[in-house]
Amino acid sequence: MKKVLLVLVIAALAGAGGAFYFIQKEAKAETDAPLTADEIVELSVDTEAITTNLATPSSYAVVQFNILLGDKKIKEEMEKRHPEIRAAAIATLAGMEKDELIGAEGITLLQDEMTAQLEGLVGKGKVERVLVTEFKVQ
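Residues numbered from 1 in each chain as written. Predicted model: local features only at pLDDT ≥ 70, side-chain atom pairs only at ≥ 80, totals over all residues. Heavy atoms only, no water.

1. So, the pattern of salt bridges
Tallied over the entire structure, the rule returns six salt bridges. Of the charged contacts in the structure, one is a salt bridge between Lys 75 and Glu 79, with a shortest N-O distance of 3.7 Å. You can see Lys 75 and its partner Glu 79 sitting in helix 3 (residues 72-79), four residues apart, about one turn around the helix. Note on Lys 75: relative accessible area 15%, which makes it buried. Overall, Glu 79 belongs to the partly exposed group, its relative accessible area being 40%. Because the salt bridges share partners, they merge into one network encompassing Glu 77, Arg 81 and Glu 84. (Salt bridge = Lys/Arg side-chain N within 4 Å of Asp/Glu carboxyl O. Helix = DSSP H or I, 4+ residues; strand = E, 2+ residues; numbered from the N terminus. Buried < 20%, exposed > 50% of the residue type's maximum accessible area, 1.4 Å probe, protein only.)

Structure, rendered in structure tokens:
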């Protein structure tokens, strides 16, 4: 009788462990799925066009960003922080040379720098990505 009871307990534990594994695997697959267009709109903040001088004398840039955030609470917080976003963009661009910003590598560099700057503003939240949606350098 003890052997039968032991086998039943082991089978129940194995079944529970298997169920837990598959539930976790399914939940992870749902979180790894790419965002739909509607979800991107719900979690994005657009800035106005920002014009600022560059480190290169007599040069300036006009940029606009789309910021994708990790959740709706962070989006609401960032919508209230437009002056800080603008200041981060101006500080980032003011330290860059005109030659650094030219080409696809320059835009990627700017996006990466802005993502790092904005991560500091959101605290516990996550900045998924920053896109440059308008870009002019003169």
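2. Brief notes about a nonpolar patch on the surface
On the surface, a cluster of nonpolar side chains totalling about 300 Å² of accessible area is made up of Leu 5, Val 9 and Leu 13. Relative to the helices and strands, Val 9 resides in helix 1 (residues 2-32). (Patch = residues over 30% accessible without salt bridge, like charges linked within 9 Å, V, L, I, M, F, W, Y side chains within 5 Å. Areas by Shrake-Rupley, 256 points an atom, 1.4 Å probe, with all protein chains shown as cover.)

3. Notes on helix 4 (residues 82-94)
Taking 1.5 Å per residue as the helical rise, helix 4 with its 13 residues ought to reach 18 Å, and the 18 Å between its terminal C-alpha atoms agrees with that figure. Those residues of helix 4 lying buried are Ile 85, Ala 88, Ala 89, Thr 92 and Leu 93. Projected down its long axis, helix 4 carries its buried residues within an arc of 120°, all on one side. Away from its buried face by more than 90 degrees, helix 4 exposes Pro 83 and Ala 91. On the buried face of helix 4, the contacting elements are strand 2 (50-53), strand 3 (60-69), helix 3, helix 5 (98-101) and helix 6 (103-122). (Expected span 1.5 Å × (residues − 1). Arc of directions from axis to C-beta. Contact = heavy atoms within 4.5 Å.)

4. A closer look at the nonpolar core
Within the largest apolar cluster, 24 residues are counted, with the highest numbers of intra-cluster contacts made by Phe 65, Met 78, Leu 110 and Leu 118. Looking at this core, the elements with two or more residues in it are strand 3, helix 3, helix 4, helix 6 and strand 4 (127-137). Once residues lying within four places of it in the same chain are set aside, the contact partners of Met 78 are Val 45, Leu 69, Ile 85, Leu 118, Leu 121 and Val 122. (Core = buried A, V, L, I, M, F, W, Y, C linked by side-chain atoms within 4.5 Å.)

5. Topic: the pairing of strand 3
Burial runs high along strand 3: eight of the ten residues are buried. When strand 1 (residues 44-46) meets strand 3, the two strands line up antiparallel, connected through three bridges. Across the sheet, the residue bridging to Val 45 is Ile 67, located in strand 3. Looking at chain direction, strand 2 and strand 3 are connected through four bridges and run antiparallel. Among the inter-strand pairings, Thr 51 is bridged to a residue of strand 3, identified as Val 62. If you look at the hairpin formed by strand 2 and strand 3, you'll find six residues sitting between the two strands, and Ser 58 has a positive phi there, around 60°. Two elements, strand 3 and strand 4, share nine bridges in a ladder whose sense is antiparallel. (Pairing = 2+ DSSP bridges.)

6. Digging into helix 6
For helix 6, spanning 20 residues, the distance from its first C-alpha to its last is 29 Å, which sits close to the expected 28 Å at 1.5 Å a residue. All of the buried residues in helix 6 are Gly 106, Leu 110, Gln 111, Met 114, Thr 115, Leu 118, Leu 121 and Val 122. In this fold, the buried residues of helix 6 make contact with strand 3, helix 3, helix 4, helix 5 and strand 4. Following helix 6 by one or two positions, Gly 123 adopts a phi angle in the positive range, close to 65°.

Taken by themselves, the reported measurements are silent on function.
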